[in-house]
Amino acid sequence: MKLIETLKLALAAIWAHKLRSALTLLGMIVGVTAFVVVVSLIQGFNKYIDEKIAGIGSKSFSIQRFNFEDFKNIDTIAAAQRRNKELTLEDLEFLKERAR
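So, a few notes on the structure that sits alongside this text. (Residues numbered from 1 in each chain as written. Predicted model: local features only at pLDDT ≥ 70, side-chain atom pairs only at ≥ 80, totals over all residues. Heavy atoms only, no water.)

### Side note on the environment of threonine 88
1) Next: One can find threonine 88 in the loop between α3 (74–83) and α4 (89–98).
2) Next: For threonine 88, a relative accessible area of 37% translates into the label partly exposed.
3) Next: Each C-alpha atom, one on threonine 88 and one on leucine 26, is 56 Å from the other, the two residues being 62 residues apart in sequence. (Helix = DSSP H or I, 4+ residues; strand = E, 2+ residues; numbered from the N terminus. Buried < 20%, exposed > 50% of the residue type's maximum accessible area, 1.4 Å probe, protein only.)

Okay, structure coming up:
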């Protein structure tokens, strides 16, 4: 079959089934739009997180109640909870006043 005959046959099928063609086109548009939106959101979130991490700077530090090694099993977590008291806002203010 020649290319012209193939194109004529395809256009005739599209013209004969207008509703099916319109719904297929609508489905393709919705699918591509959803894909673009998801990819854009992921890239935006990645950029936002990168900016927040870069904004932390070298003059910052964090204080944690537990060390990651404390999460080996339930007994070490319970021991860490008994050993390390809860951090309060007073502790935060104390550290802010004395930090250099």
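### Quick notes on the packing of aromatic side chains
1) Next: Across all of its chains, the model carries zero aromatic pairs by this definition.
2) Next: Sitting over the ring of tryptophan 15, lysine 18 keeps its end group 4.5 Å from the ring centre. (Phe/Tyr/Trp six-rings, centres within 6.5 Å; stacked < 30°, edge-to-face > 60°. Lys NZ or Arg CZ within 6 Å of the ring centre and 35° of its normal.)

### Details of a nonpolar patch on the surface
1) Next: A surface patch of nonpolar side chains, about 510 Å² in accessible area, is lined by Phe61, Ile63, Leu87, Phe94 and Leu95.
2) Next: Within the secondary structure, phenylalanine 94 is located in helix α4. (Patch = residues over 30% accessible without salt bridge, like charges linked within 9 Å, V, L, I, M, F, W, Y side chains within 5 Å. Areas by Shrake-Rupley, 256 points an atom, 1.4 Å probe, with all protein chains shown as cover. Salt bridge = Lys/Arg side-chain N within 4 Å of Asp/Glu carboxyl O.)

### What to know about the pattern of salt bridges
1) Next: Under the defined criterion, the tally for this structure stands at one salt bridge.
2) Next: Arginine 98 is paired through a salt bridge with glutamate 97; the nearest N and O atoms lie 3.1 Å apart.
3) Next: When its relative accessible area of 60% is taken as the criterion, glutamate 97 is described as exposed.

Remember that the coordinates give geometry; whether it matters functionally is a separate question.
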